[in-house]
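# Examination of the molecular architecture
What follows is each chain in one-letter form.
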Amino acid sequence: ERDLPRYAEAAPETFLSLLETDLKKPEPVVLGLLKPASTGIFGSCPRTGLLWALECLAWKPQSLARVVSILAQLSQTKINDNWANKPIGSLKAIFRSWMPQTAASLEERCKALELLTRRYLDIGWEICVEQFNPGSRVGDYSYRPHWRSDASGAGQPVQTRKEIYEFARMALDLALAWPRHNENTLGDLVERLGGM
């Protein structure tokens, strides 16, 4: 568990390829790490190392699309425990408009979000509506590389409101043009009128 981020950082291509290959199987082995974690006093969360490894690789713009795709696939497995670190949380941190946890540019993040919404509708929807949610905004820092400089100068709050607005506006445009609205998606939009 603790070594996965180091393995990912040491051999990013190999690490991502292994996960992508496994997720194509009928019964991916990696999903075993997504079982609800123990809540006891000595409990641990077996998915933490995996999520930290993916967060580590998300800092590099060239890896972003692959990491987002893997996290989206992992997010489709609902995890019912009280641990905050879940694949959807890592995705939300990467796409956080006011403090993205990636070194990818605004344009690269927009492309990754568009790709996410085309391939994984439910997950993409959740990320889009998060961008114009009127509630308070709290965010933690994602796992950063220890040896590579992929995260250098990145991951701090965005300095210009223009960049925040442009990303949130793009997410709103995607949400409004959603291919299949239903009572849930329309309800989500109504709940966020204040944020729009």
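For the structure itself, consult the block above.
One structure accompanies this document, and this report is about it. In this text, all values refer to a predicted model and were calculated from it rather than measured experimentally.

## Digging into the side chain of Gln101
- On the secondary structure map, Gln101 appears in the loop between helix H5 (87-95) and helix H6 (106-119).
- Ignoring sequence-local partners within four residues, the contact set of Gln101 consists of Trp59, Ala93, Ile94, Arg96, Asp140, Tyr141, Ser142 and Gly155.

## Considerations on the nonpolar core
- Among the nonpolar cores identified, the biggest contains 46 residues, and Leu54, Leu91, Phe95, Leu113 and Leu116 are the most heavily contacted of them.
- Broken down by secondary-structure element, the contributors of at least two residues to this core are helix H2 (12-23), helix H3 (48-58), helix H4 (64-75), H5, H6, helix H7 (121-131) and helix H8 (161-176).
- With residues up to four places along the chain from it excluded, the contact list for Leu54 reads Phe15, Leu16, Leu19, Val67, Ile70, Leu71 and Leu74.

## So, the packing of H6 against H8
- Closest axis-to-axis distance for the H6/H8 pair is 11 Å, and the angle between their directions is 20°. Regarding the angle of H6 to H8, the classification is roughly parallel. The handedness of the crossing between H6 and H8 is right-handed. Listed contacts from H8 to Leu106, Arg109, Cys110, Leu113, Glu114 and Thr117 of H6 are Glu163, Glu166, Phe167, Met170, Ala171 and Leu174.

## Some remarks on the packing of aromatic side chains
- Applying the stated criterion to the full structure yields three aromatic pairs.
- For the pair Phe95 and Phe167, a centre-to-centre distance of 6.3 Å together with 10° between the ring planes defines the contact as stacked. Taken together, the residues span a long stretch of sequence, with Phe95 in helix H5 and Phe167 in helix H8 at a distance of 72 residues.
- Overall, Phe95 belongs to the buried group, its relative accessible area being 0%.

## A few points about the packing of H2 against H4
- Closest axis-to-axis distance for the H2/H4 pair is 11 Å, and the angle between their directions is 35°. Seen along the crossing, H2 lies across H4 with a hand that is left-handed. Taken together, the residues of H4 that come into contact with H2 (itself represented by Glu13, Leu16, Ser17, Leu19, Glu20 and Leu23) are Arg66, Val67, Ile70, Gln73 and Leu74.

## Thoughts on a nonpolar patch on the surface
- On the surface, Val190, Leu193 and Met196 cluster together into a nonpolar patch covering about 290 Å² of accessible area.
- Summarising the element assignment, Met196 is placed in the segment after helix H9 (183-191).
- Using a relative accessible area of 39% as the deciding quantity, one classes Met196 as partly exposed.

## Comments concerning the environment of Ser38
- Mapping Ser38 onto the fold places it in the loop between H2 and H3.
- Judged by its relative accessible area of 41%, Ser38 is partly exposed.
- The spatial distance from the C-alpha of Ser38 to the C-alpha of Ala93 is 24 Å, given a sequence separation of 55 residues.

## Some remarks on the environment of Glu130
- Position of Glu130 relative to the elements: it lies in helix H7.
- By relative accessible area, Glu130 is classed as partly exposed at 31%.
- With 35 residues separating them in the primary sequence, Glu130 and Tyr165 have C-alpha atoms 13 Å apart.

## With respect to H4
- Its 12 residues give H4 an end-to-end C-alpha distance of 16 Å, which sits within 8% of 16 Å, the value for a rise of 1.5 Å per residue.
- Counting buried residues along H4, nine of its 12 residues qualify, which places the element largely inside the surrounding structure.
- Among all positions of H4, only Leu64, Val67, Val68, Ser69, Ile70, Leu71, Ala72, Leu74 and Ser75 are buried.
- On its buried side, H4 packs onto H2, H3, H5, H6 and H7.

Criteria and cut-off values
- Residues numbered from 1 in each chain as written.
- Predicted model: local features only at pLDDT ≥ 70, side-chain atom pairs only at ≥ 80, totals over all residues.
- Heavy atoms only, no water.
- Helix = DSSP H or I, 4+ residues; strand = E, 2+ residues; numbered from the N terminus.
- Contact = heavy atoms within 4.5 Å.
- Core = buried A, V, L, I, M, F, W, Y, C linked by side-chain atoms within 4.5 Å.
- Buried < 20%, exposed > 50% of the residue type's maximum accessible area, 1.4 Å probe, protein only.
- Axes fitted to C-alpha atoms, helices over the stretch in contact; angles between N-to-C directions.
- Parallel < 35°, antiparallel > 145°, perpendicular 65-115°, else oblique.
- Left-handed = near helix turned anticlockwise from the far one by under 90°.
- Phe/Tyr/Trp six-rings, centres within 6.5 Å; stacked < 30°, edge-to-face > 60°.
- Patch = residues over 30% accessible without salt bridge, like charges linked within 9 Å, V, L, I, M, F, W, Y side chains within 5 Å.
- Areas by Shrake-Rupley, 256 points an atom, 1.4 Å probe, with all protein chains shown as cover.
- Salt bridge = Lys/Arg side-chain N within 4 Å of Asp/Glu carboxyl O.
- Expected span 1.5 Å × (residues − 1).

By themselves, these figures tell us nothing about what the structure is for.
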